[in-house]
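The lines below spell out each chain.
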Amino acid sequence: MSEKDKKNLPDVDVGTAEEMDEVMRKYDRESATRIWEGRPKLLVRIVMSIFSVYCIWLTLRCNWDMAIRLTSFLGLIIIMGYLTYPARKDHVTPNAMPWYDIVLMLLGAGSFFYYCVNYTKLAKVITSAAKINPWSDGAIDGAWFYIILGIVGVLCLAELCRRCVGIPILCVAGVLLVYTFASGQNLARVVYTLFYGTSGVMATPVQVCAKFIAVFIIFGAFLERTGISNFFIDLANSLAGSTSGGPAKVAVISSALCGMVSGSSVGNTVTTGSVTIPMMKRTGYQGEFAGAVEAAASTGGQIMPPIMGAAAFLMAEYMDTTYANVAVKAILPALLYFTGIFMAVHLEARRLNLKGVPKDQLPKFGILIRSIYLLLPLVILVWMVSTGIRTLQFSASIAIVLAVLVSLPHMFADSRSQHSEGFAVHFAKDTASMVVNSLEAGGRSCITVAVACAVAGIVSGCITVTGLASKLINGVINISNMIPIPALSLFIALFLTMLCCIVLGMGVPTTANYCIMASTCAPILIQLGIGKIPAHFFVFYFGIVADITPPVALAAYAGSAIAKSDPMKTGINATKLAIAAFIVPYIFAYSPAMLFVNNPSPFQVVQIVISALLGIFGVAAALNGFLYRPIPMPLRIALTIGGLCMMIPGNVTDIVGLAAVVAIVMYQRTLARKTA
C-alpha cells in the first residue's frame, strides 16, 4: 500500500507495538521469550541462523542414519529452546539466564548428543527393553546409566514443552504415562519406548518435522519478509473493503490468504487482527463480533492449503499418500469454511445496516497488481510439489531462493531513495540482513513445532505400548451400538469422537494437535468403516477448532484482547461464525466425494458443494437471526433444520432442505418489502 493510500484510510486505533507484543506474550507462548541484547543477542542470532542452514542441508544432502539425524536435530532444538524461553513469562531480565536453565539445557542437549555420537555402539547393545532393565538377567553393563540418560532427556524436553507449547499437551502426556505404568509396564520398557525406540520422541512426528516441516517453516519466514502479508491485506481491502461491512470481509479474506503461509492461529489473529479488528469496530461491529471474526478466520488458516499449519506433511505420512494429494483434498472443505464465515459477516452487516470504506480511501487494485510478483515463490512451490518434478525439500529450497529474489526490487528501491551515495553498499547490507533475519526467524519458529512433535511422539508411544487405542475404539463402538438405527449409531460415534478431539486439542499447536488426533481418534472412525482419508480430515478439523471453542479458546481470547471485549462472548461468537467447521466434517464423513475420494463424478462434487453452501447459508442466517428483517424463532428453527437437511447426503434430504430454505427466504423478503 502506498503512503498516500495509508493516509487516506480511516483513522483507527490499531494499538501500539508494545500492546500487540503483550497480547502475543499472554496468549501465544512462542512470543514469551528472553530478551538478549548486544553480543549475546548476536550469538543467539548466529545459533538460530546456523540451525536453519543445518536443517536445509539435513533435508537435501545428508545421508546419515535416521537416529543420528533426529538426535542431533533435537539436541540443537533443546539448546535453542532454553536460550529462547524462560521458566516464566516474567523472567525477562535482559541478558539473564539462570544457572538452572543452563544446567537443564546442557543435560537435555547432552542426552541427545550422547545418543547421537554413540549411536553405533548403542544400536548394537540396546536391542530391546530387557537390555537396559537392571533387574533382567540379560541386562548390559551400565544399564542404569542408559535409563537415567533417557529419563533426563525426556524430562528436559517436557520442561521445554511447558515453556514454549503449554500445559495442555503435557497433561495429556502425563495422564498417559501414569496409565502406562498402571497398566503394568516397567520403567525400562517405558524408557526404551520413549527415548531409544522409534515409537517415542523419535516417532513419525519428529521424523516428518526434521525432514519436511522445518524447511517449510524457514520458507515461510523468508516469504513473510517479502511483504506478502501486507500484500494480502491490501488485496482484501481492494476487493471487499467498500462492500457492506467491508472491514469484516477484509478480515476473512486476508486471514484466509495469510493463513496459507502461517502456522499459528493465535499469531495470525494478532498479526492481521491488529489492523482489521479496530477497523471493524470503527465500522460499527461490536467488539465481541470483531474479535470473533478475526479469530475464526485465522483459525481457518490452519486448514487452508497449501501449508495447513505444517500439518499437511504429517497427514500425508499418516494417510500414506502424497502431500499434493492432501492439499488438493483440503481445498473444498476450506472454501466452505471461509464461505460460511463470509456469509455470517454479510448477514451481520445487513442487520446493522453497516457501510463499507469509501473506495477513494482504499488501495487501488491496479497498483496492487504491480506487486503480484510477490506470489511467485508460493506459485512455483505449489507447481513443483503438485507436478512431482522435484522432492518436497528441494521445492522448498528453490522457493526460499525465489523469496529472496522477489524481495530485492523493493529493497533496491528503498536503498536508492534513502541513500543518494553508496546505495549499492546499503543494498547489499539490507539484503544480507534480510537473509540472516529470515534464517533466525525460521530457526526460532522451528523450536515450538519440533518440541510439540516430540511430545506428541511420547503420547503416541504410550498409546502404542498400552494398546489404549483399541480400548478407545471398543468403548466408542459399544456406546454407538446401543442405538439400533445404523445411521444414528454412526452419528453418535462421530459426535463422541468430535468431543474427544475438541478436548484433546485445547491449547495444543496445530502439528502436535493432529499427531494426537491421528493416534487416538482417527483409528476409532476407521474401525467404524469410515475411510482413512475422511477419518483423518475429520479429527484434524475438530482438533483445530479447539482454538475457538470455549473454555480454552486461545485464538478467540487473543482477538478479544485486541478488541477489548468479553473473552467468553468472543469465543461463543467465534464458534457460531465457524459453524461450517462443525458441520463440514460430518458431510465428508458420510459423503467422501467432497474430498475427491473414490473418484466421484464432477456432477457429484458440484451437487455436494452447492447443497452444502445453501445449507451453511440457512444455518448461518438462523444463528444470526436476520434475513431482510428479523427472523422469528419458529422460522429460525425451521431454517436450521432445512440447512442441516441440505448438508445430509441424499436427494430427498436436499429437496426437503432446499424447499424449506427457499420458502423462508421468500417469505422474509416479501414481509420486508411490505414493511418498506
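Refer to the preceding data block for the structure.
About the thresholds
Residues numbered from 1 in each chain as written. Predicted model: local features only at pLDDT ≥ 70, side-chain atom pairs only at ≥ 80, totals over all residues. Heavy atoms only, no water. Phe/Tyr/Trp six-rings, centres within 6.5 Å; stacked < 30°, edge-to-face > 60°. Helix = DSSP H or I, 4+ residues; strand = E, 2+ residues; numbered from the N terminus. Buried < 20%, exposed > 50% of the residue type's maximum accessible area, 1.4 Å probe, protein only. Expected span 1.5 Å × (residues − 1). Contact = heavy atoms within 4.5 Å. Core = buried A, V, L, I, M, F, W, Y, C linked by side-chain atoms within 4.5 Å. Salt bridge = Lys/Arg side-chain N within 4 Å of Asp/Glu carboxyl O.

Q: Hey, could you run me through the packing of aromatic side chains in this one?
A: Tallied over the full model, the rule gives 30 aromatic pairs. Taking 5.7 Å as the distance between ring centres and 35° as the angle between the ring planes, the aromatic pair formed by Phe51 and Phe73 counts as tilted. Taken as a pair, Phe51 in helix H3 (residues 38-60) and Phe73 in helix H4 (residues 66-84) lie far apart in primary sequence, 22 residues in all. Classification of Phe51 by relative accessible area gives buried; the value is 3%. Pairing Tyr318 with Tyr514 gives two aromatic rings, centres 5.6 Å apart and planes at 80°, and the pair type is edge-to-face. Pair noted here: Tyr318 is in helix H15 (residues 311-319) and Tyr514 is in helix H24 (residues 510-520), with a separation of 196 residues, a long-range link. Given the relative accessible area of 0%, Tyr514 is considered buried. Members of the aromatic cluster, joined through ring pairs, are Tyr318, Tyr514, Phe537, Phe540, Tyr541 and Phe588.

Q: I would appreciate a short explanation of helix H31 (residues 633-647) in the present structure.
A: The end-to-end C-alpha separation of H31 is 21 Å, in line with the 21 Å expected for 15 residues at 1.5 Å each. For H31, the set of buried residues is Leu639, Gly642, Gly643, Cys645, Met646 and Met647.

Q: Which parts of the structure should I look at to understand the environment of Thr276?
A: Here Thr276 lies in helix H13 (residues 265-283). Since its relative accessible area comes to 3%, Thr276 is described here as buried. Sequence separation between Thr276 and Val293 is 17 residues, and the spatial gap between their C-alpha atoms is 9.6 Å. Aside from chain neighbours lying at most four places away, what touches Thr276 is Val250, Ala251, Ser254 and Glu294.

Q: I keep staring at unusual backbone geometry and nothing clicks. Help me out?
A: What is expected of a backbone is that most residues other than glycine have negative phi and most peptide bonds are trans. Phi angles above zero are rare outside glycine, and Asp320 is one such case at about 55°. Phi at Phe596 is positive, roughly 60°, even though this residue is not glycine. Positionally, Phe596 belongs in the loop between helix H29 (579-590) and helix H30 (602-624). The exposure class assigned to Phe596 is partly exposed, which follows from its relative accessible area of 31%.

Q: Help me out: how do you make sense of the nonpolar core in this one?
A: For soluble globular proteins, nonpolar side chains are generally found buried alongside one another. Core analysis: the biggest nonpolar cluster contains 203 residues, and Phe73, Val451, Phe537 and Phe538 have the highest contact counts within it. Considering each element in turn, this core owes the most residues, 17 residues, to helix H21 (residues 423-466). Residues in contact with Phe537, not counting those within four places in the same chain, are Met308, Met315, Met319, Val326, Lys329, Ala330, Phe588 and Leu595. In terms of nonpolar packing, the next biggest core, distinct from the first, is built from 10 residues, Ala620, Ala622, Val661 and Val665 among them.

Q: Can you walk me through the pattern of salt bridges in this structure?
A: Here the idea is simple: oppositely charged side chains can pair when their charged atoms come close. Scanning the model with the defined rule gives 8 salt bridges in all. Linked through salt bridges whose partners overlap, the residues forming this network are Arg34, Asp101, Glu159, Arg162 and Arg163.

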